[in-house]
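Breakdown of the fold
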Amino acid sequence: MSVLDAFFTKLWQQYSVISPQAVDIHQLFQRRGEELVNDHVAFRTFADSHIGIDILEDEVLALGYRHLDSYQFDVKKLDARCYVHNNSPTKIFISELRWQSLSDASQVIIQDIIEQTKATLKSPLLEQSSRGLSPLLSAGRLWQLPSYADYQTLASESEYAAWLSVWGLRANHFTIFVNHLKSTPELTDVVALLQQQGYQLNEAGGVIKGAPSDLLIQASTMADTCIVNFNDAGEQAISSCYYEFAQRFNQENGELYQGFVPLSADKIFESTNMKSILGSTTPDNEN
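Just so you know, these numbers come straight off a predicted model, no measurement behind them. (Residues numbered from 1 in each chain as written. Predicted model: local features only at pLDDT ≥ 70, side-chain atom pairs only at ≥ 80, totals over all residues. Heavy atoms only, no water.)

1. What about the overall build of the chain?
What the chain contains, in helices and strands, is nine helices and nine strands. For 287 residues, the compact-globule estimate of 2.2 N^0.38 gives 19 Å, and the chain sits close to it at 18 Å. By its C-alpha atoms, the chain is 50 × 50 × 35 Å across when sized along the principal axes. Buried residues in the chain amount to 52% of all 287 residues. Once local pairs closer than 6 in sequence are excluded, the contacts in the chain between residues at least 24 apart make up 69%. Split by element, the accessible area of the chain, about 12,700 Å² in all, is 47% carbon and sulfur. Here the chain contributes 20 positively and 35 negatively charged side chains, and the mean placements of these two sets differ by 3 Å. (Helix = DSSP H or I, 4+ residues; strand = E, 2+ residues; numbered from the N terminus. Rg over C-alpha atoms; globule rule 2.2 N^0.38 Å. Buried < 20%, exposed > 50% of the residue type's maximum accessible area, 1.4 Å probe, protein only. Contact = heavy atoms within 4.5 Å. Areas by Shrake-Rupley, 256 points an atom, 1.4 Å probe, with all protein chains shown as cover. Lys, Arg positive; Asp, Glu negative; His and termini not counted. Charge placed at Lys NZ, Arg CZ, Asp CG, Glu CD.)

2. With respect to the pairing of strand 8 (residues 234-239)
Summarising the sheet, strand 7 (residues 225-230) and strand 8 pair through six bridges and their orientation is antiparallel. Of the residues in strand 8, the one forming a bridge with Cys226 is Ile238. Taking the residues that link successive antiparallel strands as the turn, the strand 7-strand 8 hairpin has three residues. (Pairing = 2+ DSSP bridges.)

3. Points about the side chain of Thr221
Following the sequence through the fold, Thr221 ends up in the loop between strand 6 (216-220) and strand 7. Polar contacts involving the side chain of Thr221 include one to the side chain of Gln21, which spans 2.9 Å. (Polar contact = N/O pair within 3.5 Å; in protein donor to acceptor, adjacent residues only side chain to side chain.)

4. As for the state of the cysteines
On inspection of all chains with the given rule, the structure shows zero disulfides. Unpaired in this structure, Cys82 has its nearest cysteine sulfur neighbour in Cys241, at a distance of 19 Å. Lacking any disulfide linkage, Cys226 is separated from the closest cysteine sulfur, that of Cys241, by 7.8 Å. Residue Cys226 is classed as buried on the basis of its relative accessible area, which comes to 16%. (Disulfide = S-S within 2.5 Å.)

5. Some thoughts on the pattern of salt bridges
Using the criterion set out here, one finds nine salt bridges in the structure. Where Arg81 meets Asp54, a salt bridge forms, and the shortest distance between an N and an O atom there is 2.8 Å. Here Arg81, found in strand 3 (residues 78-85), pairs with Asp54, found in helix 3 (residues 53-62); they are 27 residues apart in sequence, far enough to count as distant. (Salt bridge = Lys/Arg side-chain N within 4 Å of Asp/Glu carboxyl O.)

6. A word on the nonpolar core
Judged by nonpolar contacts, the single largest core of 87 residues is most densely connected at Phe7, Ile92, Phe93, Ile94, Leu97, Ile110 and Phe245. Of all the elements, helix 6 (residues 159-167) adds the most residues to this core, at seven residues. Every residue in contact with Phe93, bar those within four places of it in the chain, is listed here: Val41, Ala42, Phe43, Tyr71, Phe73, Ala80, Arg81, Cys82, Phe260 and Phe269. (Core = buried A, V, L, I, M, F, W, Y, C linked by side-chain atoms within 4.5 Å.)

7. A word on the confidence of the model for the chain
With 93% of its residues at a pLDDT of at least 70, the chain reaches an overall mean of 93. In this model residues 128-134 is a low-confidence stretch, pLDDT under 50, and it forms 11 contacts with partners more than four residues away in sequence or in other chains. Low pLDDT, under 50, characterises residues 280-287; the stretch is placed with 15 contacts to residues that sit more than four places away or in other chains. (pLDDT = per-residue confidence, 0-100.)

8. Brief notes about the packing of aromatic side chains
To describe a pair of aromatic rings, one takes the distance between the centres and the angle between the planes. Inspection of every chain in the model, using the stated rule, returns 17 aromatic pairs. Ring centres of Trp12 and Tyr243 lie 6.1 Å apart, and the angle between their planes is 55°; on these two criteria the pair is classed as tilted. Taken together, the positions of Trp12 in helix 1 (residues 3-18) and Tyr243 in strand 9 (residues 242-248) put the pair 231 residues apart, joining distant regions of the chain. We classify Tyr243 as buried; its relative accessible area is 3%. Taking 5.0 Å as the distance between ring centres and 55° as the angle between the ring planes, the aromatic pair formed by Tyr148 and Phe230 counts as tilted. Within this pair, whereas Tyr148 is found in helix 5 (residues 148-155), its partner Phe230 is found in strand 7, the two being separated by 82 residues in sequence. Here Arg248 stacks its cationic end above the ring of Phe260, 5.2 Å away from the centre of that ring. (Phe/Tyr/Trp six-rings, centres within 6.5 Å; stacked < 30°, edge-to-face > 60°. Lys NZ or Arg CZ within 6 Å of the ring centre and 35° of its normal.)

Structure below.
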């Protein structure tokens, strides 16, 4: 197994543990005779920290990726970068939270997380492995589980921050590359199949986000939920990970568009929003 294959295998193993619906959907398409191709994986992190994009980028570049483009999401207080690989169809998308733009209460919580991370990273257990794998991108939570009260404080302002405080560094989602499907070659076909099977899809900005003129259209499930045992509140259900579906279109030069559409990606972020997962009719546009 190549270093790149081992990297994605580990990510999928982590992801599938807390995203059982993704495994079910994966198997659904396999039973239809499909050989699934992954379009991209995405990661969340904190800016101005020892796990910021500038740090994680070194590991991505070491895997043979190159930077393609950068994006900003001002409402959600995020910056992001996309990376592509000459020998892999799987893009890597990393976003980071401008946490110093949050309230004082949230900043105190995140500052503590960052200080814990700094201490953890001094551990020899996280040194670069001899096989050249990227430990940080699959390191999980490098800090203690926050209290449920702190989780709720973060969630009230930034669902992104709350999610990251619990799950840490791991693939936030995998993405089926719809262009490679034979039985459902259009995203509309994929959406119809998933709805027929009863999966809850992200409706923020419409189930299908973007238009062919954007050169990329996307859809996603709402995230699974997992029970997490908080010291101060016992077992609580929180969002985990989701599965995405992307269809790309040719540019004028005849090559498939490889980047992302900020307006669509902004809505995809809401796939882990607990209010939407629980059926809230009030869209949360602030996190």
